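Commentary on secondary and tertiary structure
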Amino acid sequence: MIRKFTETDRDLYIAMAREFYHSDAVLHQIPEEYFERTADEALRSDAYAEIFLFEYEGEMAGYGLTAKTFSQEAGGYVWWIEEVYIREKYRSKGLGRKFFQHLEKEKGPGVTRLRLEVEADNKRAVSLYERLGYEVLDYVQMVKDDKR
């Protein structure tokens with residue numbers, strides 16, 4: 001089952017986000033306070049961020065995090081699939097596919113693009129995303145973080 005995050009899920013979400021950021025799926029750690037900020041934003045409104053929890057046979061199996069923007073290039077709203085994390089024992093049970101199906105149903109006509117990043121060596125994830133119709137976007141991503 002895929003469901004929206006609630007305040008009572010905060011500690012569980014943060015525990016899973018911590019697991020995700022200690023995995024090979026990410027390039028670097030982030031400060032613990034960022035998990036709290038993300039939870040706060042998702043609870044405040046779904047305008048910018050949403051957290052979805054994945055349940056499997058009554059157990060919490062993972063989560064998905066989306067962020068929302070508008071893109072002239074895409075001609076509409078873009079949902080960034082920021083994170084998809086499935087705990088090890090629940091992988092290969094169709095949860096990732098169900099999450100993407102859920103997003104497709106929920107996005108509405110104004111959302112013209114779903115976008116994600118993936119580590120190139122995360123072969124299982126890349127394979128899933130390709131099977132779901134995602135294509136490589138030939139851009140070099142650059143960032144400038146405000147370290148305040």
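The structure contained in this document is the topic of the report that follows. Residue numbers run consecutively from 1 along every chain, following the written order of its sequence. For this predicted model, a pLDDT threshold of at least 70 governs which residues receive local features, and a threshold of 80 or more governs which side-chain atom pairs are given and counted, while totals over whole chains, interfaces and linings are taken from all residues. Processing note: side-chain calculations cover all non-hydrogen atoms of the structure and skip hydrogens and water entirely.

**What about the overall build of the protein?**
To keep things clear, this is the line we draw: Segments assigned H or I by DSSP are reported as helices when at least four residues long, segments assigned E as strands when at least two residues long, and all are numbered from the N terminus. With the radius of gyration taken over C-alpha atoms, the globule rule is written as 2.2 Å times the number of residues to the power 0.38. Throughout, exposure labels follow a simple rule: accessible area from a 1.4 Å probe, protein chains only, divided by the maximum for the residue type, with under 20% read as buried, over 50% as exposed, and the rest as partly exposed. When checking whether two residues touch, look at their non-hydrogen atoms; a contact exists if any pair is within 4.5 Å. Exposure was quantified through the Shrake-Rupley algorithm and a 1.4 Å probe, taking into account, for residues, occlusion by the shown protein chains and nothing else. We count Lys and Arg on the positive side and Asp and Glu on the negative side, and we leave His and both chain ends out. Just so you know, the charge point we use is NZ for Lys, CZ for Arg, CG for Asp and CD for Glu.
Within the protein one finds four helices and five strands. Computed over the C-alpha atoms, the radius of gyration of the protein is 15 Å, within 12% of the 15 Å expected from 2.2 N^0.38 for a compact globule of 148 residues. Projected onto its principal axes, the C-alpha positions of the protein cover 40 × 40 × 30 Å. Each of the 148 residues in the protein was classed as buried or not, and the buried ones make up 37%. Within the protein, residue pairs in contact and separated by at least 24 positions form 56% of the contacts whose partners lie at least 6 positions apart. Only carbon and sulfur atoms are counted for the fraction: they give 49% of the accessible area of the protein, which is about 9800 Å². The averaged location of the 29 negative side-chain charges in the protein is 3 Å from the averaged location of its 23 positive side-chain charges.

**As for the packing of aromatic side chains**
Given two aromatic rings, one states the distance between the centres and the angle between the planes to describe the pair. Just so we agree on the cut-off: Stacked, edge-to-face and tilted are the three classes for Phe, Tyr and Trp ring pairs, Trp counted by its six-membered ring, which pair at centre distances within 6.5 Å; planes under 30 degrees apart are stacked, over 60 edge-to-face, the rest tilted.
A complete count under the given rule lists 15 aromatic pairs for this structure. With 5.7 Å between their ring centres and 45° between their planes, tyrosine 21 and phenylalanine 35 make a pair best called tilted. One end of the pair, tyrosine 21, is in helix 1 (residues 10-21); the other, phenylalanine 35, is in helix 2 (residues 32-44), with 14 residues separating them in the sequence. With relative accessibility at 12%, the residue tyrosine 21 sits in the buried group. The exposure class assigned to phenylalanine 35 is buried, which follows from its relative accessible area of 4%. The rings of Phe5, Tyr13, Phe20, Tyr21, Phe35, Tyr63 and Tyr85 are connected pair by pair, giving a single aromatic cluster.

**Remarks on the sheet that holds strand 1 (residues 2-4)**
As a reminder, the rule being used: Paired strands are those between which DSSP finds at least two bridges. For helices, the axis comes from a line fit to the C-alpha atoms of the stretch in contact; other axes are also lines fit to C-alpha atoms, and the angle between any two N-to-C directions lies between 0 and 180 degrees.
Taken in spatial order, the five strands line up as 1-2-3-4-5 in an open sheet, and their pairing is mixed. The open sheet has two free edges, formed respectively by strand 1 and strand 5 (111-116), since each of these has just one partner strand. Adjacent strand axes in the sheet meet at a mean angle of 30°, parallel and antiparallel pairs treated alike. Helix-sheet contacts for helix 2 involve strand 2 (49-56) and strand 3 (59-71), and the interaxial angle to strand 2 is about 100°.

**What to know about the pattern of salt bridges**
Heads up, the rule is: Here a salt bridge means any side-chain nitrogen of Lys or Arg lying within 4 Å of a carboxyl oxygen belonging to Asp or Glu.
With the rule as written, the count across this model stands at 14 salt bridges. Glutamate 33 is the salt-bridge partner of arginine 37, the closest N and O atoms lying 2.6 Å from each other. Here glutamate 33 and arginine 37 lie together in helix 2, a separation of four residues that amounts to about one turn. Residue arginine 37 is classed as partly exposed on the basis of its relative accessible area, which comes to 47%. Given the relative accessible area of 44%, glutamate 33 is considered partly exposed. Counted as one network, the salt bridges with shared partners bring together Lys4, Asp46, Glu50 and Lys68.

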